[in-house]
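# Structural description and commentary
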Amino acid sequence: MTARYATRPRKAGSLASLARPAPAAAVAGQPGRPQPLRVLLVSDQSAVAEALLALRDSLQLELLLHPEPGSALQRFVQERADCVLLDDAMGDDALLSLLEGLRSSLHSEWLPIMLLVDDAAHWRRLALRAPGMVDYVLAKPLEPLALHERFVATRRLVSLRRVARSALDRVSEGVIVIDEQGRIRSFNAAAERLFGWS
């Protein structure tokens, strides 16, 4: 497996220039080492990216930096991130549109979404317009301890999701999971083979 870099062209001083590959030990998947947590950061603020990069090695994060909210959903689907970290600086309309897209995406079952906010009043206004779409809110400026605690908890959730997904993929019959409205939320590899889904 090769290390991942941001797919956008790099410019000096841009967010993409901050990304670097995960440590070789984390990428190689050595026995006893957890897989890196793939985090899609949607922010054009370099301070946010730098705070995450400072903890990247200790938390074994693979950062996927994406400064533009308009194409972030497409990037999420392509990269299959384990969690998404959104910056409220992108503007309310772009943020709400991205949240709705992420929550309705077939690929986002059990997706932890974290939101970075400047002030509590702004978060309360957003919460009224997008109830239940955000799993955790972090205040800016980012505190290393709060980031560490949140990513440790997120890693536990993602590990449980990986175990459940692995068990589901080992079932030889096609399994399709639907939600209360009858929308397909997930399916296993056997269902892909039987019905031609992907």
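I will try to describe carefully the structure that is included in this document. (Residues numbered from 1 in each chain as written. Predicted model: local features only at pLDDT ≥ 70, side-chain atom pairs only at ≥ 80, totals over all residues. Heavy atoms only, no water.)

## Focus: the overall build of the protein chain
- Of regular secondary structure, the protein chain possesses 7 helices and 7 strands.
- Ordered by position in the sequence, the α and β elements of the protein chain form the string α-β-α-β-α-β-α-β-α-β-α-β-β-α.
- Here the contacts in the protein chain between residues at least 6 apart in sequence split such that 63% fall between residues at least 24 apart. (Helix = DSSP H or I, 4+ residues; strand = E, 2+ residues; numbered from the N terminus. Contact = heavy atoms within 4.5 Å.)

## Quick look at the environment of Leu 194
- Note that Leu 194 resides in helix α7 (residues 189-195).
- We classify Leu 194 as exposed; its relative accessible area is 58%.
- It is 8.8 Å that separates the C-alpha atoms of Leu 194 and Glu 173, two residues lying 21 residues apart in sequence. (Buried < 20%, exposed > 50% of the residue type's maximum accessible area, 1.4 Å probe, protein only.)

## Details of the pairing of strand β5 (residues 136-139)
- The sheet contact formed by strand β4 (residues 113-117) and β5 spans 4 bridges and is parallel. Each bridged residue has a counterpart across the sheet, and for Leu 115 the counterpart in β5 is Val 137. (Pairing = 2+ DSSP bridges.)

## Details of the sheet that holds β5
- Pairing in this open sheet of 5 strands is parallel, and the strands run β2-β1-β3-β4-β5 from one edge to the other. Across the chains shown, the open sheet's two edge strands, defined by having one partner strand only, are β2 (61-66) and β5. The mean inter-strand angle of the sheet, taken between neighbouring strand axes irrespective of direction, is 25 degrees.
- Across 6 bridges, strand β1 (residues 37-42) lies against β2 in parallel orientation. Of the residues in β2, the one forming a bridge with Val 42 is His 66.
- Against the sheet, helix α2 (residues 46-59) engages β1, β2, β3 (83-87) and β4, with an angle of about 160 degrees to β2.
- Its contacts with the sheet place helix α4 (residues 92-104) against β1, β3 and β4, and it is angled at close to 170 degrees to β3. (Axes fitted to C-alpha atoms, helices over the stretch in contact; angles between N-to-C directions.)

## Brief notes about the packing of aromatic side chains
- What the rule picks out here adds up to 0 aromatic pairs.
- Positioned above the aromatic ring of Tyr 136, the side-chain terminus of Arg 150 is 3.6 Å from the ring centre. (Phe/Tyr/Trp six-rings, centres within 6.5 Å; stacked < 30°, edge-to-face > 60°. Lys NZ or Arg CZ within 6 Å of the ring centre and 35° of its normal.)

## Focus on a nonpolar patch on the surface
- Together, Ile 176, Ile 178, Ile 184, Leu 194 and Phe 195 give the surface a local cluster of nonpolar side chains, amounting to about 470 Å² of exposed area.
- Those elements that provide at least two residues to the nonpolar patch are β6 (176-178) and α7.
- What makes Ile 176 partly exposed here is its relative accessible area of 36%. (Patch = residues over 30% accessible without salt bridge, like charges linked within 9 Å, V, L, I, M, F, W, Y side chains within 5 Å. Areas by Shrake-Rupley, 256 points an atom, 1.4 Å probe, with all protein chains shown as cover. Salt bridge = Lys/Arg side-chain N within 4 Å of Asp/Glu carboxyl O.)

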